[in-house]
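Residues per chain are reported as follows:
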Amino acid sequence: MSEQEMKRTDELYNAFKEHFSKGSCYKCGSSLKAFSSKKPCIHWFLRPKDFKKKHFKSLFGLYGYFQMEAFARWVANQDDPVTNINDLDMEKSEKKIIETTIKYKHIEWSFSCSNSDIEGHVNSQQGNFPHFHFQMRLDNKPFINYKDFHIPLKDEDIWKLAMINQTEIPIEHHFRYGEGMQSALSDDTLEFLIDNSEKAENESEATYKFNTIVTAKQGQTISGDDIADLIEESKRTGTPFAKLAHRLVANVQTIVKAGDAVPELAKRTSTKKNK
Ligand SMILES: [Zn+2]
Ligand SMILES: [Zn+2]
């Protein structure tokens, strides 16, 4: 992202945030709850009353993949930053270029794009152009399914995706102000997370899950009582065991994963029908 682009994104985001906090749309200026089929707008993602699946098509061409996903990410991060966005590489299918699930209150959006979507499904009547797929659920119930639409990629999408999809020139793409679990779980943040996390009262509210493996150093043993003491302390104080474990004279390795509060990636089943 160039400095100019960053500045532009900052301005847009600030406008978005300010409008959003008042319940209005930074794009069209109307209430986030307002719907008019004649005025297609990205705030339809919030499912204003009367917005139906058939209207979704009106957004095609107006917004491309990056614009739609950026909006969903910004919205999600107004509620519970990072946790609401599952964009984890380790959970993504290898065949997919894009696979993201984003949650905001009772709404869940998922984006999916494979190489065959970018190329267009050649022998198919529908979708024989560069596109991506989109799913929207309300209260966990289907509203828009992946197979319902082939959403055209814009030229800028195709170009950006080609950049992300190559390895010769190292580039890093991230959604400014729309960071998700992938950036939270990057290597340089792990230590910070372990040091600064508190135990969630309820596992379903946990953003991260720490799996700590304690093994004895060569020629030594670990006392089970010491471990039990630390587990007890963790329960009592809310300090994650992963952090306390470093007090043990032992090898301690912690693997950080997305916790139960992070939405599950909504997978696209790869039957012919779904294309
Ligand atoms: Zn709007
Ligand atoms: Zn497709």
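Just above, that's the structure.
Throughout what follows, the structure given in this document is the object of discussion.

Conventions adopted
Residues numbered from 1 in each chain as written. Chains lettered and ligands numbered in written order. Predicted model: local features only at pLDDT ≥ 70, side-chain atom pairs only at ≥ 80, totals over all residues. Heavy atoms only, no water. Helix = DSSP H or I, 4+ residues; strand = E, 2+ residues; numbered from the N terminus. Buried < 20%, exposed > 50% of the residue type's maximum accessible area, 1.4 Å probe, protein only. Contact = heavy atoms within 4.5 Å. Areas by Shrake-Rupley, 256 points an atom, 1.4 Å probe, with all protein chains shown as cover. Lys, Arg positive; Asp, Glu negative; His and termini not counted. Charge placed at Lys NZ, Arg CZ, Asp CG, Glu CD. Donors = N, O, S within 2.8 Å, 3.2 Å for Na, K, Ca; no water. Tetrahedral: all angles 85-135°; square planar, octahedral: opposite > 155°, others 65-115°. Pairing = 2+ DSSP bridges.

### Quick notes on the overall build of the protein
Looking only at helices and strands, the protein has eight helices and eight strands in total. Within the protein, the proportion of its 275 residues that are buried is 40%. Sequence separation of at least 24 residues holds for 60% of the intrachain contacts in the protein that already meet a minimum separation of 6. With an accessible surface of roughly 16300 Å², the protein has 47% of that area assigned to carbon and sulfur atoms. Across the protein, 39 positive and 40 negative side-chain charges occur, with their mean positions spaced 10 Å apart.

### Considerations on the coordination of the zinc ion (ligand 2)
The protein atoms donating to the zinc ion (ligand 2) are D117 (OD), H121 (NE2), H131 (NE2) and H133 (NE2), with metal-donor distances spanning 2.0 to 2.2 Å. Of note is the zinc ion (ligand 2), whose four donor atoms meet at the metal with angles of 93 to 154 degrees in an arrangement that counts as irregular. Along the chain, the residues that donate to the zinc ion (ligand 2) are spaced as D-x3-H-x9-H-x1-H. Taking the relative accessible area as the measure of exposure, H133 reaches 0% and is therefore buried.

### Things to note about the side chain of H131
Inspection of the secondary structure puts H131 in strand 4 (residues 131-138). Overall, the relative accessible area of 0% leaves H131 in the buried class. In this structure H131 touches C113, D117, I118, G120, H121, H150, I151, P152 and L153, once residues within four positions along its chain are discounted.

### What to know about the pairing of strand 5 (residues 141-144)
As paired elements, strand 4 and strand 5 share three bridges and run antiparallel to each other. Looking at strand 5, one finds that L138 is bridged to K141. Where strand 4 folds back on strand 5, the antiparallel hairpin that results is connected by two residues, among which D139 adopts a positive phi of roughly 50 degrees.

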